[in-house]
Amino acid sequence: MAASGRGILSSESDSEQNPWENQESTNSHRKTKNIFDDDVSFDRAKKIILNDLKDEDFENDIDEIGWNDEPVPPSKTFPGSSTSSEPKVNLDNLGTPSYTSPRLAASTLSVTKNTNPVKALLTHSRSLSSGGTFKPFSLSENLSRGVSDPSIEEVVQLESNRSFGSTDINKLQAEIQTLQRINLRAKRDRWSKLPVENTIKRMLKGEACTLEFYKSLDDKLALIDESVKVHDGNCIIATVLFLKRTVKASIFNFEVSRRPVALNHYLNYLRTKLDYQELSMMLEMTGRTEEAAMLQYKVASNSTLGTSKTSALRNVLRSHFSMDQQLASEASLVAEHIDLLERQSPIEESDAREEASGRNQMFRNIPRRRSIFEMPLITTLYYCCLYHYHLSENSLASPVAIRKRHHICDKQFLYCALGAQARLQKWRTIEELLTTKSWFGGTKMKSAIGWDKVVNILNKHNAPLDLLHKYLNFIDDLELRAEVAKKNSIVLSQP
Amino acid sequence: MDVHLLKQLQRDQLAHMLESEPGKKDFVIDPCFTKLLDRIAGATFLKDHGVDKIYKLDPSQKSLAGTDIRFYFVRPAIPTIKLIANHINAEKSSHGLRKYKIIMVPRKLHVCEKILESEGVYGSISIEDFNLELVTLDNDILSLELPDFLRNFYLDGDQTWLHTVASSIVHLENLYGNIPNVYCLGKGAQMTFDLINLLSDKPREESVEKGDNQNIGHLFIIDRDIDFVTPLCAPVTYEALLDEIYGIECGIIDLTNPDSTSNTPGKLLLTAENEIFQMIRNRHFSYVFAYISDKAKELKLVHDKKDDLKSVKDMRHFVSNDLRSLKQQQKLLAQHIGACEYIMSTKSKGSFEEFTHVEHCLLQGSDTKECINFIEECLYKQTNWLTVLRLICLLSLTEDGIQSKDYKSLRTKFLHSHGFDLMPSWFNLKKLGILTEYELPQVNKPLGKMASITRRGQFKSLSKRLNLVPKVSENVDLRTPNDMSYVFSGAYTPLACKLVDLILSRESLISLDDVLKLIPGGVKCDMRLKPASKARGGHSIPSSPAAKVVLVYFLGGCTFSEIAALRYLARREGYKITIATTAIITGNSFVESVMERKPI
């Protein structure tokens, strides 16, 4: 596995930091002879190297330098990392193949002018080598190849090793020529942009790269489109954010809204950043009004404070729902929500007071389990059926008033009322509930829900047996009647 | 294909990562990794590699104490990274010299680095990625343990995790050789395949032609969104029920019954090594108990042996061999009995039979009106909201949308009974395309973008063509299964499993064209290993053993019901099927993952 190797690499490079600083001070004369400095011409570079060769006695033969892709110990690979301006970050990038954020890369570049230019390239070369993707290559191969990245590594390696054979001058001269070309190419690459596809591919593989060179809008858009083409969310959001950072808002909005995949990534980025304002704006702008309305509604209903919540909801209703013909049914639901909250808070207030005072028998018999505020509508209805069943319709807590306001159907209402009254053991009230006046003044037992369900509910609350029998007999289907009786363990009276 | 190799590699990798920083260090982990790391390494392993204290990352922590080196082992998510940045900033004054290393699993993300940069901590940390991808949960199950994939990819259209899926397949191919036949069912699957080709170093054709080190013959990449019906159906196999009722995390289950002080508590590792479990995991629940009681009798026989032990030697033999395994088996058996009882009581509480009946009606497309009535009834009674929502979604999926009138009425009733603020959650289900409003054609409304996305493949025609709903479900033997649909009591065959079965048994996809074009997102395949050609005598030439080895990769998660169906298929056809998934899901966890909030 590649990563296990990486772990080692990075650790070494981390611990190697100080030794390099030391070496820098002892070998400081090298700086002046750096053939890779911008101001060093080819001829001068040649001289420097030749002089170096005369000065120093090397033992190693050139063939042993490792032109092929032997993993080179990092300690020998990073002479540039000795500069202490931003030690840690840089080392890290060396250790792990990674995609450096553009800003970081930019800062790296800005320091390159007055320090060692090779350093700027380090992130490139190192990450490539630890990716382990390229094959051993010969010099000629290297020349014919358009890619210069591996060559940079060689450059770096050569410089640090400084182990030239002293005998074979011809060989060395060929070497110098190669180096010079490599150097030129490296320079050119460093200051000019890579093709968009290459950059995205590097990013995809987690290698270091920078977006800063893409100045033209076309390039920036090409970056996004290429990212979308390779289906990698990380690339997409990186290029989208790059666009956002570098062009004005109107261009950004226009271009991003034309690219649905990119837009989705941007929206999700805003979502995870909890930037709801921008998110809502983008949604509206791209015609996803329902989603925007839902978002605003969610934000408003998540706000905690009671009174501000209703006003927040009211705002949302006005600004996002009422205007939109398509959202008419949703708008009425939001309106119901607001009304419910406004109904709940006074009920809660007065009931909490009532309960605390201990005067009301009702609350003593069945203590309230929790605040009714922010409970669902049906829970509220049940609550009101339990504690405020007989209130007149103009009272807030009246079940009938709730039923009317929220257009609750008969079945639903009966479920709540039955459940609550059965819990209170008010069998008379239940009887009334199930009795309807017929046309000619007489009365008739009638239930909106099946009698089997009525029996089930009543039995759950231990209704008297004769009552159960009475309702059981309203079940017309004999089979069902027997089944319900069995389920509720009632002994059926023999007909 | 030995999946335990993966585990070994991950352990080594973990050790390397820990040793990369010499000295004592603290290890702060994302809560989602606790069980996962237990499966790979365990606390002792961490301690052996220089970890001093292990903390769980918690939003309430302001800062942490500890040694001078700290590792954060986290998923690259913005809130997590912000939390870490807060720690570092808070500790700057008191502990300026501390070394921080943030390990992002499975890889670092651009947005996270941005956060670290903007929080001003980039200089004090080092970032590393740790490509912990597929975790071996069992002999035949690999999981990315990325439950967020579903919401991110299918609801929000975020493709970040696709890279992880692709890269996990590339790593598998590096280990087990390139897979010659790849079938992509659905859109995300095809994207994944594109990514695989971009990420792998060598071109596919070359390495497949060479054919060396080929251990896997077929790869299916399957999008969850080709079949949302399966996760919504109530499971009936033992393992699936355990997952739904207790919840299985990384193969570990906590069998402590939530509402009783039962005497069989304890955590249990559910893998093939658990012998009793292995025998019952894939069984239909109604036949689990039979096995357990047989087993109990068997144990009793062994136990009775102690009465006729004749010599000291016999006695010693009994004590040293039988007794120990006996004790252990007894304990396991008791645990499973406890679990069975709990499942039964939970199921009978919630009028399970009626639910199942309605579910089967929906799948068959019969008595829709009656089904809607039942759903309404559940809403009146405020029955568990997830269960109801699952039925509503199932209604929408099987009917290809709910008629506008019913849709609006169901929504109002749902919000009335479970809270208005579930409206955004309802909207999410709609956006995902599993809860749609069907306008009668005469209404001439311009089709918005949303509408075109959410229009699903026609469940009915697909189910008819592929015979997903067996006509006579009585013919399906639940005791000794004779059809994959046994995982839903013979009411439905999981689409993905059916397709795997069909495709593997055909020589080419051409004969399946008219079926496959009904699959949302379409089907693409890349076949380089031709099926063994039939020789003249009708005998097929034996092909390489890899041809029988199949990897089925689910994007967006799969259920234990599907796993059971695939295991059955493997048994029937002699395949070796390994299942990989982004996560293992249940109906509830699936619906919950796209919700905006949990209802009260």
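Our subject is the structure listed above.
One numbering rule holds for all chains: residues counted from 1, following each sequence as written. Lettering for chains starts from A, numbering for ligands starts from 1, and both go in the order in which the items are written. Whole-chain, interface and lining totals are the exception, using all residues; otherwise, since this is a predicted model, local features are given only for residues with pLDDT of at least 70 and side-chain atom pairs are given and counted only at 80 or more. Side-chain measures here rest on the full set of heavy atoms in the structure, leaving out hydrogens and waters.

Visitor: Is there a simple way to think about the overall build of chain B in this case?
Guide: Per the convention used, a helix needs a DSSP run of H or I reaching at least four residues, while a strand needs a run of E reaching at least two, with both numbered from the N terminus. When helices and strands are counted, chain B shows 25 helices and 17 strands. Throughout, the radius of gyration refers to the C-alpha atoms, and the reference size of a globule is 2.2 Å times the residue count to the power 0.38. In terms of overall dimensions, chain B is globule-like: its C-alpha atoms have a radius of gyration of 26 Å, near the 25 Å expected for 600 residues. Seen through its C-alpha atoms, chain B measures out along the principal axes to roughly 80 × 70 × 65 Å. Buried residues are those whose accessible area, probed at 1.4 Å on protein chains only, stays under 20% of the maximum for their type, while exposed residues exceed 50% and partly exposed ones sit between those limits. In chain B, which comprises 600 residues, the proportion classed as buried is 58%. The averaged location of the 75 negative side-chain charges in chain B is 0 Å from the averaged location of its 75 positive side-chain charges. Asp and Glu are treated as the negative residues and Lys and Arg as the positive ones, with His and the ends of the chain left uncounted. Just so you know, the charge point we use is NZ for Lys, CZ for Arg, CG for Asp and CD for Glu.

Visitor: How do you make sense of the interface of chain B and chain A when you look at a structure like this?
Guide: The parts lose accessible area when they come together, and the size of an interface is often stated as this lost area. Counting residues at the interface gives 63 residues for chain B and 69 residues for chain A. On the chain B side of the interface with chain A, the three residues burying the most area are B:His110, B:Tyr380 and B:Phe420, jointly 12% of the side's total. Between Lys or Arg on one side and Asp or Glu on the other, a salt bridge is scored when a side-chain nitrogen of the former is within 4 Å of a carboxyl oxygen of the latter. Connecting chain B to chain A are 7 salt bridges. Among the salt bridges present, the one from B:Arg411 reaches A:Glu330, with a minimum N-O distance of 2.8 Å. Pairs of N or O atoms within 3.5 Å make up the polar contacts considered here, provided that, within protein, one atom can donate a hydrogen while the other can accept it, and that residues adjacent in sequence are counted only when both atoms are side-chain atoms. At the junction of chain B and chain A, the tally comes to 22 residue pairs in polar contact (both at pLDDT 80 or more). The element that contributes the greatest number of residues to the side of chain B that touches chain A is helix H18 (residues 404-418) of chain B, accounting for 8 residues. The contact rule is simple, with two residues in contact once any of their heavy atoms fall within 4.5 Å. Summed over both partners, the accessible area lost on bringing two parts together, with a 1.4 Å probe, is the buried area.

Visitor: Sorry if this is basic, but what is going on with the sheet that holds strand S4 (residues 99-104) of chain B here?
Guide: Pairing between the strands of a sheet is mediated by backbone hydrogen bonds and can be parallel or antiparallel. Residues and elements named next belong to chain B. The pairing criterion is simple: DSSP has to find at least two bridges between the two strands. Spatially, the 5 strands line up as an open sheet ordered S2-S1-S3-S4-S5, and their pairing is parallel. Each edge of the open sheet is held by one strand with a lone partner, namely strand S2 (51-56) and strand S5 (125-129). Put simply, the sheet's adjacent strands are angled 20 degrees from each other on average, direction ignored. Summarising the sheet, strand S1 (residues 25-29) and strand S3 (residues 69-74) pair through 4 bridges and their orientation is parallel. Of the residues in S3, the one forming a bridge with Phe 27 is Phe 71. Every axis in this analysis is a line fitted to C-alpha atoms, fitted for helices over the stretch in contact. Angles between the N-to-C directions lie between 0 and 180 degrees.

Visitor: Is there a simple way to think about a negative patch on the surface in this case?
Guide: Taken together, the side chains of A:Asp476, A:Asp477, A:Glu479, A:Glu483, B:Glu353 and B:Glu354 define an acidic patch exposed on the protein surface. Every element with two or more residues in the negative patch is listed here: helix H28 (478-487) of chain A together with helix H15 (352-364) of chain B. Within the fold, A:Glu483 resides in helix H28. Patch construction takes residues with relative accessible area above 30% that form no salt bridge. Like charges are linked within 9 Å, and nonpolar side chains (Val, Leu, Ile, Met, Phe, Trp, Tyr) are linked within 5 Å. Per-residue accessibility takes into account occlusion by the displayed protein chains alone, with areas from the Shrake-Rupley method and a 1.4 Å probe.

Visitor: Even after reading the chapter, I still don't get helix H24 (residues 410-423) of chain A, so can you show me in this structure?
Guide: Note that an α-helix has 3.6 residues per turn; residues three or four places apart therefore point the same way. Residues and elements named next belong to chain A. With 14 residues, H24 should cover 20 Å at 1.5 Å per step; its first-to-last C-alpha distance of 20 Å lies within 8% of that length. Most of H24 sits inside the fold, with 11 of its 14 residues counted as buried. Looking only at H24, the buried set comprises Gln 412, Phe 413, Leu 414, Tyr 415, Cys 416, Ala 417, Leu 418, Gly 419, Ala 420, Gln 421 and Ala 422. Given the number of residues in a helix, its expected span is that number minus one, multiplied by 1.5 Å.

Visitor: What is the right way to read the environment of A:Lys444 from this model?
Guide: All names here are of chain A. Summarising the element assignment, Lys 444 is placed in strand S2 (residues 443-445). Considering only alpha carbons, one finds Lys 444 and Lys 460, 16 residues apart in sequence, at a separation of 25 Å. Setting aside chain neighbours within four positions, we find Lys 444 in contact with Leu 434, Thr 435 and Thr 436.

Visitor: How should I be thinking about the nonpolar core in this particular structure?
Guide: Among soluble globular proteins, nonpolar side chains are generally buried collectively. Among the nonpolar cores identified, the biggest contains 227 residues, and B:Leu14, B:Phe27, B:Phe73, B:Tyr238, B:Leu242 and B:Tyr492 are the most heavily contacted of them. With 10 residues, the top contributor of residues to this core is helix H17 (residues 385-398) of chain B. Apart from the residues within four sequence positions on either side, B:Tyr492 is in contact with B:Asp227, B:Val229, B:Thr230, B:Cys233, B:Leu363, B:Phe459, B:Leu468, B:Val469, B:Pro470 and B:Ser485. By convention a nonpolar core is built from buried Ala, Val, Leu, Ile, Met, Phe, Trp, Tyr and Cys residues, the set being connected through side-chain atoms within 4.5 Å. Counting residues in each nonpolar core, the second largest holds 45 residues, with A:Ile237, A:Ala262, A:Leu279 and B:Leu109 among its members.

Visitor: What should I look at first to understand the packing of helix H12 (residues 196-204) of chain A against helix H13 (residues 217-230) of chain A in this one?
Guide: Two packed helices can be described by the angle between their axes and the distance between those axes. Residues and elements named next belong to chain A. Contact geometry for H12 and H13: axes closest at 9 Å, N-to-C directions at 50 degrees. If you check the angle between H12 and H13, you find them oblique. In this structure, the crossing between H12 and H13 has a hand that is right-handed. Contacts between H12 and H13 involve Val 196, Glu 197, Thr 199, Ile 200 and Leu 204 on the former and, on the latter, Asp 219, Ala 222, Leu 223, Glu 226, Ser 227 and Val 230. Throughout this description, any angle smaller than 35 degrees is read as roughly parallel, any larger than 145 degrees as roughly antiparallel, any in the 65 to 115 degree range as roughly perpendicular, and the remainder as oblique. For any pair of crossing helices, the crossing counts as left-handed if the nearer helix is rotated counterclockwise from the farther one by less than a right angle, and right-handed if it is rotated clockwise.

Visitor: Looking at this structure, I do not really get helix H16 (residues 260-272) of chain A. What am I missing?
Guide: Residues and elements named next belong to chain A. Between its terminal C-alpha atoms H16 stretches 18 Å, which fits the 18 Å expected from 13 residues at 1.5 Å a residue. Counting buried positions over the 13 residues of H16 gives 10, a clear majority of the element. Buried within H16 are the following residues: Ala 262, Leu 263, Asn 264, His 265, Tyr 266, Leu 267, Asn 268, Tyr 269, Leu 270 and Arg 271. Backbone geometry just after H16 places Leu 274 at a positive phi near 60 degrees.

Visitor: In this structure, what is going on with the environment of A:Lys205? I would like to understand it.
Guide: All names here are of chain A. Note on placement: Lys 205 falls in the loop between H12 and H13. Exposure remark for Lys 205: the relative accessible area of 27% places this residue in the partly exposed category. With 210 residues separating them along the chain, Lys 205 and Tyr 415 place their C-alpha atoms 61 Å apart.

Visitor: Where do I start with the packing of aromatic side chains in this structure?
Guide: For any pair of aromatic rings, the description rests on two quantities: the centre-to-centre distance and the angle between the ring planes. Stacked, tilted and edge-to-face are the three classes applied to pairs of Phe, Tyr and Trp rings, where Trp contributes its six-membered ring and a pair requires centres within 6.5 Å; stacked means planes under 30 degrees apart, edge-to-face means over 60, and tilted covers the rest. Enumeration over the complete set of coordinates arrives at 28 aromatic pairs over all chains. Between B:Tyr407 and B:Trp426 the ring centres are 5.9 Å apart and the planes differ by 70 degrees, which places this aromatic pair in the edge-to-face class. With B:Tyr407 in helix H18 and B:Trp426 in helix H19 (residues 423-432), this residue pair connects regions lying 19 residues apart in the sequence. When its relative accessible area of 3% is taken as the criterion, B:Trp426 is described as buried. Ring geometry for B:Phe488 versus B:Tyr492: centroids 6.2 Å apart, planes at 35 degrees, classification tilted. Note on B:Phe488: relative accessible area 3%, which makes it buried. Residue classification places B:Tyr492 among the buried positions, given a relative accessible area of 1%. Here the aromatic cluster, defined as three or more aromatic residues joined through ring pairs, consists of B:Phe27, B:Phe33, B:Phe71, B:Phe73 and B:Phe130. By the criterion adopted, a ring carries a charge over it if an Arg CZ or a Lys NZ lies within 6 Å of its centre and within 35 degrees of its normal. We note A:Arg403 situated over the ring of A:Phe413; from NZ or CZ to the ring centre the distance is 4.3 Å.

Visitor: Can you help me understand the pattern of salt bridges in this one?
Guide: If the charged atoms of two oppositely charged side chains come close together, the side chains can form a pair. Tallied over the full model, the rule gives 50 salt bridges over all chains. The salt bridge partner of A:Lys244 is A:Glu278, with a shortest N-O separation of 3.6 Å. Of the two residues, A:Lys244 is situated in helix H14 (residues 233-246) and A:Glu278 in helix H17 (residues 276-285); the sequence distance between them amounts to 34 residues. In this structure, B:Glu596 engages A:Lys298 in a salt bridge whose closest nitrogen and oxygen atoms are separated by 2.9 Å. Taken together, the positions of B:Glu596 in the segment after helix H25 (587-593) and A:Lys298 in helix H18 (residues 289-302) put the pair across two chains. Here the residues in one salt-bridge network are A:Arg271, A:Arg288, A:Glu291, A:Lys298, B:Arg151, B:Asp156, B:Lys431 and B:Glu596, joined through shared partners.

Visitor: Whenever I open this one, the side chain of B:Lys498 confuses me. Can you help?
Guide: Residue and element names in this part refer to chain B. Structurally, Lys 498 can be placed in helix H22 (residues 495-505). Here Lys 498 sits buried without a salt bridge, and the closest side chain of opposite charge, Asp 501, lies 5.3 Å off (N-O distance). Contact partners of Lys 498, with chain neighbours within four places excluded, come to Leu 466, Asn 467, Leu 468, Met 484 and Thr 493.

Visitor: So what exactly am I meant to see when it comes to the packing of H18(A) against H19(B) here?
Guide: Contact pair H18(A) / H19(B): the axes reach a minimum separation of 9 Å and the direction vectors enclose 150 degrees. Viewed along their axes, H18(A) and H19(B) adopt a mutual orientation that is roughly antiparallel. Crossing of H18(A) against H19(B): the hand is left-handed. Contact residues: H18(A) offers A:Glu290, A:Glu291, A:Met294, A:Tyr297 and A:Lys298, while H19(B) offers B:Met423, B:Pro424, B:Phe427, B:Lys430 and B:Lys431. Tallied by class, residues from the contact of H18(A) with H19(B) come to 5 nonpolar, no polar and 5 charged. Note that Gly is not counted as nonpolar here; it falls among the polar residues with everything else outside the nonpolar set of Ala, Val, Leu, Ile, Met, Phe, Trp, Tyr, Cys and Pro and the charged set of Asp, Glu, Lys and Arg.

Visitor: Just checking my understanding: could you explain the sheet that holds strand S12 (residues 267-269) of chain B for this structure?
Guide: Residue and element names in this part refer to chain B. Here we have 3 strands laid out as an open sheet, ordered S10-S11-S12, and antiparallel in their pairing. Edge positions in the sheet fall to strand S10 (248-249) and S12, since each has one partner strand and no second. Pairing analysis gives 3 bridges linking strand S11 (residues 252-254) to S12, with the strands arranged antiparallel. Of the residues in S12, the one forming a bridge with Asp 254 is Lys 267.

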